[in-house]
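# Geometric and topological summary
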Amino acid sequence: MRSNQSDIIIVGGGMVGLAMAAALADTGLSIKVLEKNKLSELSQTALSAQQKISPADYQIRVSAISPANQRFLRELNCWQQIPSSRIANYERMFVWDADGSGQIQFDAAEIGAPYLGAIVENQLIQAAIYFQLQRCSNIEIIENCRIKSLVTNNEVAEVVLADETRLGAHLIIGADGAFSSVRQLVNISCSQSPYQQTAFVANLLTEKPHQNTAWQRFLRTGPLAFLPLQSPNLCSIVWTLDQSETGKIENLDKIELEKKISRAFENKLGGVQLVSEFRGFPLIKRHADRYLSDRVVLIGDAAHTIHPLAGLGVNLGFQDVLCLANLIKDQVDKKRDYWVDANLRPFERERKTANKITQEAMSGFKWLFGSDSLPLTLLRNIGLNAVDQTGLLKQQIMRQAMGQ
Ligand SMILES: Cc1cc2nc3c(=O)[nH]c(=O)nc-3n(C[C@H](O)[C@H](O)[C@H](O)COP(=O)(O)OP(=O)(O)OC[C@H]3O[C@@H](n4cnc5c(N)ncnc54)[C@H](O)[C@@H]3O)c2cc1C
């Protein structure tokens, strides 16, 4: 019979919430993960990932995962669970400006690394962590459940589910995504500003092979990225468009849309053929004003969301996990109360600052590349070419992005 009491409750079994459970598995603490979807259905996804599949079977939600976070997930014995046939390592990144001649190429070989990162379907990452967690006797995953309310103060932390079940813990970790109920239920305010853009994602076949390169063209209306998947002519695209453009694009038929995409991409990889739906995600910058409330801590998209132009959102979430897990482990070793605000403060200080800096940098990029002012266009083109030709600076940028 299930006990209604545990040490930690994690609300949200997305990539970040599950990674949090995996990172705490060796503490021996009893942990419950509450997820509103049926995670067990992920087993089906993972099984089909073992087989040879057709381009149309790839999921459209993918993430670029940095080598540092791959290492982190490998240490948790999770990365190894992803079939290697579905991990697309990219060796190069090519970025260029639609207005002018500015361009920059990053090549992993320049810093003696085998690759810059890997593109993996989100569900496979989630499935891999889920399977690893099933081997951990101290972790219980409760799927298909919704939280109705929270009772938290410096004495107790309790989650009330929609079916009135009450679950108690020392600490509740909110990993329930951008629209976090945990954040709202404990009244943590969140600054939000829409980027006034929608990111459209899709998978497509390209006439020419992608050459294990992540491509990104900056258009005035937003960046268009072609991310390589395992098959040499299969790419996942992320096309960010200003609000004024989204209606026009959504009304195109398949052939018109394919033509529009290859034109916007300067036909770099020849003609394209869509093999999936073309789905848009409105982009909003969010940052919780606090990451902590009595016995509650927020991580991942529940605490912050950023523009996907550099593929950093879940990478920041995994860094939240690493930081919080290290802190909790340290407190457990010292037999201190890890759920006390004052003891969790170093996590908030470190991660809030790091996430804020990254958020602001992304907003700066968006502003710089979205501008049609002549001086700014000149500046960014000169800047891109200058960095491209400055070996040491470029190597430094690559190392930073790879988490080295
Ligand atoms: C177009 C696009 C492209 C992106 N590309 C990249 C990329 O290349 N690299 C990168 O690092 N990031 C990328 N991101 C960002 C990345 O997708 C997110 O940062 C990441 O998915 C956040 O993970 P999470 O686990 O914090 O939240 P989520 O993925 O939102 O997971 C939250 C989980 O909580 C569950 N949940 C929600 N509410 C409740 C509740 N009340 N009770 C129980 N469970 C609940 C949900 O079902 C879900 O499983 C991209 C984002 C977009 C929009």
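So, how was this worked out
Residues numbered from 1 in each chain as written. Predicted model: local features only at pLDDT ≥ 70, side-chain atom pairs only at ≥ 80, totals over all residues. Heavy atoms only, no water. Helix = DSSP H or I, 4+ residues; strand = E, 2+ residues; numbered from the N terminus. Buried < 20%, exposed > 50% of the residue type's maximum accessible area, 1.4 Å probe, protein only. Contact = heavy atoms within 4.5 Å. Areas by Shrake-Rupley, 256 points an atom, 1.4 Å probe, with all protein chains shown as cover. Pairing = 2+ DSSP bridges. Axes fitted to C-alpha atoms, helices over the stretch in contact; angles between N-to-C directions. Salt bridge = Lys/Arg side-chain N within 4 Å of Asp/Glu carboxyl O.

### Some thoughts on the overall build of the protein chain
- The number of helices and strands found in the protein chain is 11 helices and 21 strands.
- Here the protein chain holds 404 residues, and the buried ones make up 52% of them.
- Intrachain contacts of the protein chain at a sequence separation of at least 6 include 74% that bridge at least 24 residues.
- By element, 51% of the accessible surface of the protein chain is carried by carbon and sulfur atoms, the whole surface being about 17,800 Å².

### Overview of the pairing of strand E9 (residues 147-152)
- With five bridges joining them, E9 and strand E10 (residues 157-161) adopt antiparallel strand pairing. By the bridge assignment for E10, Val151 is matched with Glu158.
- In sequence, E9 turns back onto E10 through a hairpin of four residues.

### Observations concerning the sheet that holds E10
- Spatial strand order, E9-E10-E11: three strands in an open sheet with antiparallel pairing. Of all strands in the sheet, those bounded by a partner on one side alone are E9 and strand E11 (166-169). Geometrically, the sheet is characterised by an average inter-axis angle of 20° between neighbouring strands, direction not taken into account.
- Relative to E11, E10 runs antiparallel, the two sharing four bridges. Bridge assignment links Val160 to a residue of E11, and that residue is Arg166.

### Looking at the pattern of salt bridges
- This model, assessed by the stated rule, comprises 17 salt bridges.
- The closest approach of N and O atoms between Glu140 and Lys32, which form a salt bridge, is 3.7 Å. Residue Glu140 is found in strand E8 (residues 139-142), and its partner Lys32 is found in strand E2 (residues 31-34); the two are separated by 108 residues along the sequence.
- Judged by its relative accessible area of 3%, Lys32 falls in the buried class.
- A salt bridge links Arg279 to Glu277, with the shortest nitrogen-to-oxygen separation between them at 3.5 Å.
- Arg279 sits in the partly exposed class, given a relative accessible area of 34%.
- Here the residues in one salt-bridge network are Arg217, Glu266 and Lys268, joined through shared partners.

### Overview of the sheet that holds strand E4 (residues 88-90)
- Here we have three strands laid out as an open sheet, ordered E3-E7-E4, and antiparallel in their pairing. With one partner strand each, in any of the chains shown, strand E3 (62-65) and E4 form the two edges of the open sheet. Each neighbouring strand pair of the sheet contributes to a mean axis angle of 25°, computed without reference to strand direction.
- Note that E4 and strand E7 (residues 117-121) share three bridges and pair antiparallel. Pairing of Tyr90 across the sheet is with Gly117, part of E7.

### Observations regarding unusual backbone geometry
- Although it is not a glycine, Asn77 adopts a positive phi angle of roughly 65°.
- Structurally, the position occupied by Asn77 is in the loop between helix H3 (67-75) and E4.
- The exposure class of Asn77 is partly exposed, given its relative accessible area of 29%.
- The phi dihedral of Asn187 falls on the positive side, at around 60°, and the residue is not glycine.
- Within the fold, Asn187 resides in the loop between helix H5 (181-185) and strand E13 (190-206).

Scope: geometric values only; no functional claims are made or implied.
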